[in-house]
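The primary structure of each chain is shown beneath.
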Amino acid sequence: MASRTEFLTVPLAKFLALIAVVSWRIFFVTMSARAKPDAAPDSVLTFAEITALNRIDASRTRPRLQRPTLAAYLLQIAMLGGYLARKHDPAPGNMVVWRGMTRLHDIPFGISIGSSRRCG
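Residues numbered from 1 in each chain as written. Predicted model: local features only at pLDDT ≥ 70, side-chain atom pairs only at ≥ 80, totals over all residues. Heavy atoms only, no water.

Trainee: What is the right way to look at the overall build of the protein chain in this model?
Mentor: Scanning the protein chain from N- to C-terminus turns up 4 helices and 0 strands. In the protein chain, the order of α-helices and β-strands from amino to carboxyl end is α-α-α-α. What you see for the protein chain is a C-alpha radius of gyration of 18 Å, clearly larger than the 14 Å of a compact globule of 120 residues, by over 25%. Overall, the protein chain is about 65 × 50 × 25 Å in size when its C-alpha atoms are taken along their principal axes. By the burial criterion, 28% of the 120 residues in the protein chain qualify as buried. Considering only contacts in the protein chain between residues 6 or more positions apart, those separated by 24 or more positions represent 55%. (Helix = DSSP H or I, 4+ residues; strand = E, 2+ residues; numbered from the N terminus. Rg over C-alpha atoms; globule rule 2.2 N^0.38 Å. Buried < 20%, exposed > 50% of the residue type's maximum accessible area, 1.4 Å probe, protein only. Contact = heavy atoms within 4.5 Å.)

Trainee: Please explain the nonpolar core as it appears in this structure.
Mentor: One broad trend across soluble globular proteins is that nonpolar side chains are buried collectively. Core analysis: the largest hydrophobic core is formed by 23 residues, its most contacted members being Leu-45, Leu-53, Tyr-73, Ile-77, Val-97, Met-101 and Leu-104. Those elements that provide at least two residues to this core are α1 (4-35), α2 (47-58), α3 (70-80) and α4 (94-116). Take this core: its biggest share by element is 7 residues, from α3. Aside from chain neighbours lying at most four places away, what touches Met-101 is Arg-25, Ile-26, Leu-45, Glu-49 and Ile-77. (Core = buried A, V, L, I, M, F, W, Y, C linked by side-chain atoms within 4.5 Å.)

Trainee: What is the right way to look at the side chain of Thr-30 in this model?
Mentor: Looking at the element boundaries, Thr-30 is found in helix α1. For Thr-30, a relative accessible area of 0% corresponds to the buried category. There is a polar contact of 2.9 Å between the side chain of Thr-30 and the backbone oxygen of Ile-26. Beyond its immediate chain neighbours, meaning those up to four positions away, Thr-30 contacts Leu-74, Pro-92, Asn-94 and Val-97. (Polar contact = N/O pair within 3.5 Å; in protein donor to acceptor, adjacent residues only side chain to side chain.)

Trainee: Where do I start with the packing of α2 against α3 in this structure?
Mentor: Helix packing for two helices is described by the angle between their axes and how far apart those axes are. Packing of α2 against α3 brings their axes to within 11 Å, and their N-to-C directions diverge by 75°. Between α2 and α3, the angle is such that the two are roughly perpendicular. Facing Ile-50, Leu-53, Asn-54, Ile-56 and Asp-57 of α2, the residues of α3 in contact are Tyr-73, Gln-76, Ile-77 and Leu-80. Residue composition of the contact of α2 with α3, grouped by class: 6 nonpolar, 2 polar and 1 charged. (Axes fitted to C-alpha atoms, helices over the stretch in contact; angles between N-to-C directions. Parallel < 35°, antiparallel > 145°, perpendicular 65-115°, else oblique. Nonpolar A, V, L, I, M, F, W, Y, C, P; charged D, E, K, R; others polar.)

Trainee: Would you mind going over α3 with me for this structure?
Mentor: Because the α-helix completes a turn every 3.6 residues, residues three or four places apart line up on one side. Counting buried positions along α3 gives 8 out of 11 residues, so the element sits mostly inside the fold. Looking one or two residues past α3, Gly-82 carries a phi angle of roughly 110°, positive in sign.

Trainee: Could you clarify how one ought to interpret the pattern of salt bridges in this entry?
Mentor: Once their charged atoms are close, side chains differing in charge can pair, the charge on each being opposite to the other. Evaluated as defined, the whole model comprises 4 salt bridges. Across the pair Arg-60 and Asp-57 runs a salt bridge, and its minimum N-O distance is 3.2 Å. A salt bridge links Arg-86 to Asp-89; the nearest nitrogen and oxygen atoms lie 3.1 Å apart. On the accessibility criterion, Arg-86 (44% relative accessible area) is partly exposed. (Salt bridge = Lys/Arg side-chain N within 4 Å of Asp/Glu carboxyl O.)

What follows is the structure, encoded as structure tokens:
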């Protein structure tokens, strides 16, 4: 019979493996934008993420995505996470990009739920 600690360690190990993959992607996106800011955004972002960011930017009164570079898209993701992008602020870090990516993934999901509901 398995002990109580064995039942707890298997789900915990799976959770930690998932978090490690997600945090590696956040780190990769952040460092790629710092290393090559003029790179194409589709080199590290998915088509759905780019489309969602373009739609969010198009709804603003003054669009911020003038040039489609990786640095510009990372800045938009960081701003979704609470980054203020003032002149004297340092480059966005991994935590604010993590929060922004979480919100970025929730936005298309919410749009798909809202558009699929039918009344009557």
